[in-house]
Amino acid sequence: MQYLRRSVKYLFYFLAIFFIIVGLVWLLTIRKSGQVGFADLFQEGSFPKLVIFFLAVAAIYPSLGFVTRKFRIDGSFADNRDIIKEVFELMGYEIVAEDSSKMDFRLKTKSMRFSRMYEDLISIDITDNPLKVSGYRRDVERILRNLDFKVREKYMEDHPESGEDA
């Protein structure tokens, strides 16, 4: 159901961007060459092709834009909980839900949430190691890089005898 909701949402999003761009081109064309109808900007028979294109992109985009990644941590989740919270807070996220099996984070700023069409939820399944982090692909990848750095940094602080070789 979430996939279908995202597909419909992105269909409207892509259509809005398309009509804004085509509308600007239409307005600029009217100024240069007189009266031109909006439909005159397109070739005859292009409407079905555009519909198929937008439906296909909207159907595929959620599978490409949202992922679930695994992240292995040293020790238990409880040992690393503060590091995870710190990384999310530094990246502009706040906890919106937490229970014994998962933590959910959302962006704090309204403009960033709007830019992601309010699909900014990052969920962490904490029932197992590796943790399962799911959400918007770009954000998940960035968060996991930062988490990896912080976990390694903590490991080096906790095990100074391992030195630079680890």
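See the structure above.
Remember, predicted model here, so these are calculated numbers, not experimental data.

## Quick notes on the overall build of the protein chain
Link 1 in the chain: Scanning the protein chain for helices and strands turns up five helices and five strands.
Link 2 in the chain: Moving toward the C terminus, one meets the helices and strands of the protein chain in the order α-α-β-α-β-β-α-β-β-α.
Link 3 in the chain: In summary, the protein chain has a C-alpha radius of gyration of 23 Å against a globular reference of 15 Å for 166 residues, an excess of more than 25%.
Link 4 in the chain: Overall, the protein chain is about 75 × 35 × 30 Å in size when its C-alpha atoms are taken along their principal axes.
Link 5 in the chain: Looking at the protein chain as a whole, 30% of its 166 residues are labelled buried.
Link 6 in the chain: A sequence separation of at least 24 residues applies to 54% of the contacts in the protein chain between residues at least 6 apart.
Link 7 in the chain: Only carbon and sulfur atoms are counted for the fraction: they give 60% of the accessible area of the protein chain, which is about 11,100 Å².

## A few points about the side chain of asparagine 80
Link 1 in the chain: Note that asparagine 80 resides in helix α3 (residues 77-90).
Link 2 in the chain: With near-sequence residues (within four places) excluded, asparagine 80 lies in contact with Ile73, Asp74, Gly75, Val151 and Lys154.

## Describing the environment of leucine 107
Link 1 in the chain: On the secondary structure map, leucine 107 appears in strand β3 (residues 102-107).
Link 2 in the chain: When the C-alpha atoms of leucine 107 and glycine 92 are compared, they prove to be 5.7 Å apart, with 15 residues separating the residues in sequence.
Link 3 in the chain: Excluding residues within four positions of it along the chain, leucine 107 makes contact with Met91, Gly92, Tyr93, Glu94, Met112, Arg113, Arg116 and Asp120.

## Concerning the packing of α3 against helix α5 (residues 137-158)
Think of two packed helices as two axes; the pair is described by the angle between the axes and how far apart they sit.
Link 1 in the chain: Packing of α3 against α5 brings their axes to within 10 Å, and their N-to-C directions diverge by 135°. Judged on the interaxial angle alone, α5 and α3 are oblique. For α3 against α5, the interelement crossing comes out right-handed. Contacts between α3 and α5 involve Asp79, Asn80, Ile83, Ile84, Glu86, Val87, Phe88 and Leu90 from the first element and Ile143, Asn146, Leu147, Lys150, Val151 and Lys154 from the second.
Link 2 in the chain: Per-class residue counts for the contact of α3 with α5 are eight nonpolar, two polar and four charged.

## Focus: the pairing of strand β4 (residues 122-125)
Link 1 in the chain: In this structure, β3 lies alongside β4, joined through four bridges in antiparallel fashion. Note that in β4 the partner of lysine 102 across the bridge is aspartate 125.
Link 2 in the chain: Note: β4 against strand β5 (residues 131-136), three bridges, orientation antiparallel. Counterpart to serine 123 in the pairing with β5 is serine 134.
Link 3 in the chain: As consecutive antiparallel partners, β4 and β5 are separated by five residues.

Parameters at a glance
Residues numbered from 1 in each chain as written. Predicted model: local features only at pLDDT ≥ 70, side-chain atom pairs only at ≥ 80, totals over all residues. Heavy atoms only, no water. Helix = DSSP H or I, 4+ residues; strand = E, 2+ residues; numbered from the N terminus. Rg over C-alpha atoms; globule rule 2.2 N^0.38 Å. Buried < 20%, exposed > 50% of the residue type's maximum accessible area, 1.4 Å probe, protein only. Contact = heavy atoms within 4.5 Å. Areas by Shrake-Rupley, 256 points an atom, 1.4 Å probe, with all protein chains shown as cover. Axes fitted to C-alpha atoms, helices over the stretch in contact; angles between N-to-C directions. Parallel < 35°, antiparallel > 145°, perpendicular 65-115°, else oblique. Left-handed = near helix turned anticlockwise from the far one by under 90°. Nonpolar A, V, L, I, M, F, W, Y, C, P; charged D, E, K, R; others polar. Pairing = 2+ DSSP bridges.

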